Protein chains: 2
Amino acid sequence: MKKIGIVGGIGWPSTLEYYKLICEESLSYHKEKQYVGPCPMPEISIESLNMNFIFSNRGSHEPVSWTIWNQYFHNALLQLESSGCEVLLMASVTPHARLKDIVGGLTAPLLSVYTAVGDECKKMGMNNLLVLGTSQTMGSPAFVSEMKSIGVVAMYPSTADLKNKIAEVISLLYENKSEGMEKVINKIVRVCITPEDLKHTAVCLACTELPLAFSQYSSEPHFSINGIHYINSTVVHARAAFMACIE
Amino acid sequence: MKKIGIVGGIGWPSTLEYYKLICEESLSYHKEKQYVGPCPMPEISIESLNMNFIFSNRGSHEPVSWTIWNQYFHNALLQLESSGCEVLLMASVTPHARLKDIVGGLTAPLLSVYTAVGDECKKMGMNNLLVLGTSQTMGSPAFVSEMKSIGVVAMYPSTADLKNKIAEVISLLYENKSEGMEKVINKIVRVCITPEDLKHTAVCLACTELPLAFSQYSSEPHFSINGIHYINSTVVHARAAFMACIE
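Not measured: the values here are computed from a predicted model. (Residues numbered from 1 in each chain as written. Chains lettered and ligands numbered in written order. Predicted model: local features only at pLDDT ≥ 70, side-chain atom pairs only at ≥ 80, totals over all residues. Heavy atoms only, no water.)

**Student:** Where do I start with the sheet that holds strand E4 (residues 128-132) of chain B in this structure?
**Tutor:** Backbone hydrogen bonds are what pair the strands of a sheet, in a parallel or an antiparallel way. All names here are of chain B. In space, the five strands of this open sheet follow the order E5-E4-E6-E8-E7, with mixed pairing throughout. For this open sheet the edge positions go to strand E5 (153-155) and strand E7 (222-225), each flanked by a neighbour on one side alone. In this sheet, neighbouring strand axes are inclined to one another by 30° on average, regardless of whether the strands run parallel or antiparallel. Sheet analysis places E4 next to E5, joined by three bridges and oriented parallel. (Pairing = 2+ DSSP bridges. Helix = DSSP H or I, 4+ residues; strand = E, 2+ residues; numbered from the N terminus. Axes fitted to C-alpha atoms, helices over the stretch in contact; angles between N-to-C directions.)

Okay, here's the thing in C-alpha cells:
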C-alpha cells in the first residue's frame, strides 16, 4: 500500500474522522483475506496545523495578502512528501478553495475533494451538483469551476439568505445540536432545486459537520431521503484516498 | 507551542484517542484566554505505522532478531524529528518495552509513558504501582525497571493465570464488550493487592482498552472506586505531552 499523507487540523475533529474512515476502509478491504496478525493498514502521515494561525493569516482580495497562508499549507504538503507519502490530501473542503496556490512544485499527486466528489457524481449518474458547505466554500468559485472541468454542473444556494441558513446549521451541528437539522437542510434543498431537477442533481454535504444531521447515514458515501440524493464529501474523499493507496 | 510528534497506528484507535485528548487539552487550556478566531492548537505530526508489519517483524530472545522492528520505530521517530517535532511520544504502551533500542541518536526528547505515569504516581502520593496491560507489557521487565529509576515500586499480577485474565478482558473490551468488565478488573486487583496495601498503591490501566471498562471515568487521569486508585495511562501520557508542548 502507498503511504497516505494528510494535512489536518482544519479542524481537528475532521482529521479524526478522515483517519478513522481510512483505517475502517482498510479493515473492510482486508476482511476476506487471510492475514497472520492484525489487519494490514496503510502507513499514514498527518501534519496537523494550528487552526488559529490559519485563521489569523487569511488574506483579502489582494493575492499577495495570502502569502503566509499559502506557504503554511504548501510547507505541510512538502513535509508529507518528504516523509515518503505518495498520496496527498487535505482533510477539509474549505482550504481547497486555494488549492492552485499551494500545490505548485509537489511531485506526489494531491487527491482533491473535487476529484473524489466528481467521480462519485458520475458513478451515481448525476450531472448536476448542489454544494452545501462553509461560507468560505460557498463564497469561492473553486468548487463550481473544478466540477466543470470534471463535467459536472455545480452550483451553490442562490441567495445570501440561503447560504446564511446553511452556515447557521453548520454552527449548530458543530455545537452538537443536531435535532431537527435534517428537516432544515431538506427544506433548503427543496428551495434550491425543483422537483423535476432533483432526479438528476446530487447534493454535496461539503464539510464535516453537515452529515451529523443525518446520523443514520453518517458513514455512507451517498444516501437518498425523500427523493434527495446526498453525497458525504468526507466519506467519499477518505474512501478515494484508500482506493488510491492500494492502486 | 512546541510541535508534538506521535508514533501511531499501534493500534489506530489508540492514536485517535491520543490526538483527541491532546486537542481537548488545548481547548481547556485556552478556554479562559481571549483569542481571535478558533482555539490555538499545537502543531502535531503523526507517523501512523502498519500494525501488521510490526506484528510480523517481532523478534525472539535473540536481540538481533528485532533489527527490522527496531528500525521501523526508529525511522518513524527520526521522521518526526525531521518534521520539526520537539516533543516525541509513542501512542501505545506496548512498544515502550523496547524503548532503549529505538531512541538512540534522537535529538528531540521522547516523553515516555513511564515518566508520565511515574510523575502522576508521585502527585497522587503513591509509591507502589500495579501495572495491568497487554501480555507483552506484563511479560517485559521494562515497566518495573523504569518505575524503579523514578522511585516507584511497580509490579505485575503475580501469576500467569491472573495475567491471562487481564489479557482476556482486553480482548473483550477491544470487541466493545464492556459489560461487567469493571467488576472483573476490580476483583483481579483485590487478589493482587492486600486491603492494607491498597491505600498506597495505584493501579495503572496501561493500555487503551482497559479504561473502556470504566466508561464514566474514561477521560480522567485518575479515579478511585471502592478504595482502588486507578491511573489511566493514555490520559496521563497525552496530558503530559500537551504540558511539555507549552513549557
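So, next bit.
**Student:** Is there a simple way to explain the environment of Leu173(A) in this structure?
**Tutor:** Residues and elements named next belong to chain A. For Leu173, the position within the fold is in helix H7 (residues 160-174). According to the relative accessible area criterion, Leu173 is buried, its value standing at 2%. Remark: the alpha-carbon pair of Leu173 and Ala213, spanning 40 residues in sequence, is separated by 7.1 Å. (Buried < 20%, exposed > 50% of the residue type's maximum accessible area, 1.4 Å probe, protein only.)

**Student:** Even after reading the chapter, I still don't get the pairing of strand E8 (residues 228-232) of chain B, so can you show me in this structure?
**Tutor:** On a regular strand, one side chain projects to one face of the sheet and the next to the other, so that they alternate. Residues and elements named next belong to chain B. Judged by how many residues are buried, E8 sits mostly within the fold: five of five residues are covered. Where burial is concerned, the two faces of E8 agree: the one with Ile228, Tyr230 and Asn232 and the one with His229 and Ile231 are both buried. Direction of pairing for strand E6 (residues 201-205) relative to E8: parallel, over a ladder of four bridges. In the sheet register, Leu205 faces E8, and the bridge partner there is Asn232. Bridge count between E7 and E8: four bridges; the pairing is antiparallel. Bridged to His222 within E8 is Ile231.

**Student:** Sorry, what's going on with helix H3 (residues 67-82) of chain B here?
**Tutor:** One turn of an α-helix holds 3.6 residues; hence residues three or four places apart share an orientation. All names here are of chain B. Here H3 contains 16 residues, and its C-alpha end-to-end distance of 22 Å stays within 8% of the 22 Å for a straight helix at 1.5 Å per residue. Of the residues making up H3, those classed as buried are Trp69, Asn70, Tyr72, Phe73, His74, Ala76, Leu77, Gln79 and Leu80. At the C-terminal side of H3, Gly84 shows a positive phi close to 90°. (Expected span 1.5 Å × (residues − 1).)

**Student:** Could you clarify how one ought to interpret the relation of the copies chain B and chain A in this entry?
**Tutor:** Between the two copies of this chain, the relationship is a rotation about some axis together with a displacement along it. Mapping chain B onto chain A calls for a rotation angle of 180° and an axial translation of 0.0 Å; the resulting RMSD is 0.0 Å. Viewed as a symmetry operation, the transformation between the two copies matches a two-fold axis. Every residue of chain B has its C-alpha some distance from the rotation axis, and the shortest such distance is that of Ile46(B), at 2.5 Å. Most of the interface of chain B is mirrored in chain A, where 100% of its interface residues again form contacts. (Least-squares fit on C-alpha atoms with pLDDT ≥ 70 in both. Contact = heavy atoms within 4.5 Å.)

**Student:** Which parts of the structure should I look at to understand the sheet that holds strand E6 (residues 201-205) of chain A?
**Tutor:** Residue and element names in this part refer to chain A. The mixed open sheet is built from five strands, whose spatial order is E5-E4-E6-E8-E7. With one partner strand each, in any of the chains shown, strand E5 (153-155) and strand E7 (222-225) form the two edges of the open sheet. Across this sheet, the average inter-strand angle for adjacent strands is 30°, counted without regard to direction. Packed on one face of the sheet, helix H6 (residues 142-150) meets strand E4 (128-132), E5 and E6 and runs near 170° to E5. Contacting E6 and strand E8 (228-232), helix H9 (residues 233-246) runs over the sheet at an angle of about 50° to E8.

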